[in-house]
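A look at the structure
One letter stands for each residue in the lines below.
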Amino acid sequence: MVIAIDGPAGAGKSTVARALAHELGFTYLDSGAMYRCVGLLSLAAPASEPAALARAAAIDLVPSQADGPPRVLLDRHDLTEQIRAPEVSEAASLVAADPGVREALVAKQRELIASGDWVAEGRDVGTVVAPDAALKMFLTADPHERARRRAAELGADADTVFVEQGLRDERDRTRAHSPLRPAPGAVELDTTGLEVAEVVARIVALARAAAST
Ligand code: DC
């Protein structure tokens with residue numbers, strides 16, 4: 001069974017998806033980590049074609065034991081922390097607009113989730129990667145709250161994060177290929193003011209209902 005969790009940055013997707021996977025005993029797939037790996041590669045090799053980098057990249061997402069973040073290995077190097085740097089967020093958003101990059105990474109994601117039980121998180125999981133997912137969620141939150149959460153995570157200034165977040169949101173929503181939008185049939189949930197446990201409990205109830213139909 002696949003549960004797709006999409007939505008903009010800071011809507012609580014990662015925390016919720018990890019906790020949900022832990023609760024249900026599913027494997028967590030952070031598709032954004034793959035775009036971040038290609039973003040990092042594009043910074044290191046600016047003359048290379050991003051789609052070629054995406055096709056060649058050996059990306060391993062190693063699940064963690066508890067509900068912590070998985071380790072991200074790129075060509076066997078552990079780059080879990082490096083891919084979270086602000087310049088990599090920016091580079092990831094740029095390469096994510098490239099259709100060749102998307103094609104290569106969607107193929108890798110589909111291969112991963114072809115068997116087993118997954119909570120797959122990203123921007124296009126419900127629309128493109130797994131349109132037949134048993135449950136599709138689209139999480140949103142007030143933009144100021146999203147920026148506050150992201151700033152606290154990064155130890156950065158909330159106003160700066162708010163401005164950068166607005167630019168990236170706009171790029172993710174308006175790109176020609178797989179723009180960020182709710183999938184048909186997705187359940188939209190505004191997480192503003194909700195505790196993580198509350199969001200997880202709601203999705204668990206929806207997943208149980210979906211599994212029994
Ligand atoms: O979720 P994140 O911030 O780690 O994602 C990094 C970038 O990758 C972000 O700009 C959106 C993009 N992305 C995407 O286009 N499609 C996905 N399935 C996941 C992330």
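The text that follows walks through the structure, step by step, so that each part is easy to find. Since this is a predicted model, take the numbers as computed values, not measurements. (Residues numbered from 1 in each chain as written. Predicted model: local features only at pLDDT ≥ 70, side-chain atom pairs only at ≥ 80, totals over all residues. Heavy atoms only, no water.)

**Considerations on the site of the ligand**
Stated formally: Being near a molecule or strand, for a residue, comes down to having at least one heavy atom within 4 Å of it. Here a polar contact is taken to be a pair of N or O atoms separated by no more than 3.5 Å, where protein atoms must pair a possible hydrogen donor with a possible acceptor and residues adjacent in sequence count only if both atoms sit in side chains. Per-residue and other accessible areas were derived by the Shrake-Rupley procedure at a 1.4 Å probe size, with only the shown protein chains allowed to occlude residues. Think of it this way: any DSSP run of H or I at least four residues long counts as a helix, any run of E at least two long counts as a strand, and we number them from the N terminus.
The ligand sits among 15 residues. The nearest are Ser-31, Arg-36, Arg-102, Arg-123 and Asp-124. Here Arg-102 contributes a side-chain N or O atom positioned 2.8 Å from an oxygen atom of the ligand. In this structure, a nitrogen atom belonging to the ligand sits 2.8 Å away from a side-chain N or O atom of Asp-124. The fraction of the free accessible surface of the ligand (450 Å²) that becomes covered by protein chains is 97%. Of all the secondary-structure elements, those providing two or more residues to the shell around the ligand are helix H2 (31-44) and helix H4 (86-95).

**A short note on the side chain of Thr-80**
Note the cut-off: Type-normalised accessible area, obtained with a 1.4 Å probe on protein chains alone, sets the label of each residue: buried when under 20%, exposed when over 50%, and partly exposed for intermediate values. We call two residues in contact whenever any of their non-hydrogen atoms come within 4.5 Å of each other.
Within the secondary structure, Thr-80 sits in the loop between strand E5 (77-78) and H4. Assessed through its relative accessible area of 8%, Thr-80 is described here as buried. At a separation of 3.4 Å, a polar atom in the side chain of Thr-80 contacts the side chain of Arg-71. Among the polar contacts made by the side chain of Thr-80, one reaches the main-chain amide nitrogen of Val-72 at a distance of 2.9 Å. Among all residues touching Thr-80, those that are not within four sequence positions of it are Pro-70, Arg-71 and Val-72.

**A few points about the packing of helix H7 (residues 143-154) against helix H8 (residues 158-174)**
The test is simple: Under this scheme, a helix contributes an axis fitted over its contacting stretch, all axes are lines through C-alpha atoms, and angles between N-to-C directions fall in the 0 to 180 degree range. Two helices crossing with the near one rotated counterclockwise from the far one by less than a right angle form a left-handed crossing, whereas a clockwise rotation gives a right-handed crossing. Any residue that is not Ala, Val, Leu, Ile, Met, Phe, Trp, Tyr, Cys, Pro, Asp, Glu, Lys or Arg is counted as polar, Gly included; the first ten are nonpolar and the last four charged.
Two elements in contact, H7 and H8, have axes separated by 8 Å at closest approach and are oriented at 115 degrees. Crossing of H7 against H8: the hand is right-handed. Listed contacts from H8 to Pro-143, His-144, Arg-146, Ala-147, Arg-150 and Ala-151 of H7 are Ala-158, Val-161, Phe-162, Gln-165 and Asp-169. Considering only residue class, the contact of H7 with H8 consists of six nonpolar, two polar and three charged.

**Description of the nonpolar core**
Applied cut-off: To form a nonpolar core, buried Ala, Val, Leu, Ile, Met, Phe, Trp, Tyr and Cys residues must be joined to one another through side-chain atoms within 4.5 Å.
Tyr-35, Ile-59, Leu-74, Ile-83, Val-101, Leu-105 and Ile-113 are the most contacted members of the largest nonpolar core, which has 35 residues in total. Ranked by residues supplied to this core, first place goes to H2 with seven residues. For Ile-59, the contacting residues outside a window of four places in its chain are Met-34, Cys-37, Leu-73, Leu-74 and Leu-105. Among the nonpolar cores identified, the runner-up in size contains 21 residues, and Ile-5, Val-16, Tyr-28 and Leu-139 belong to it.

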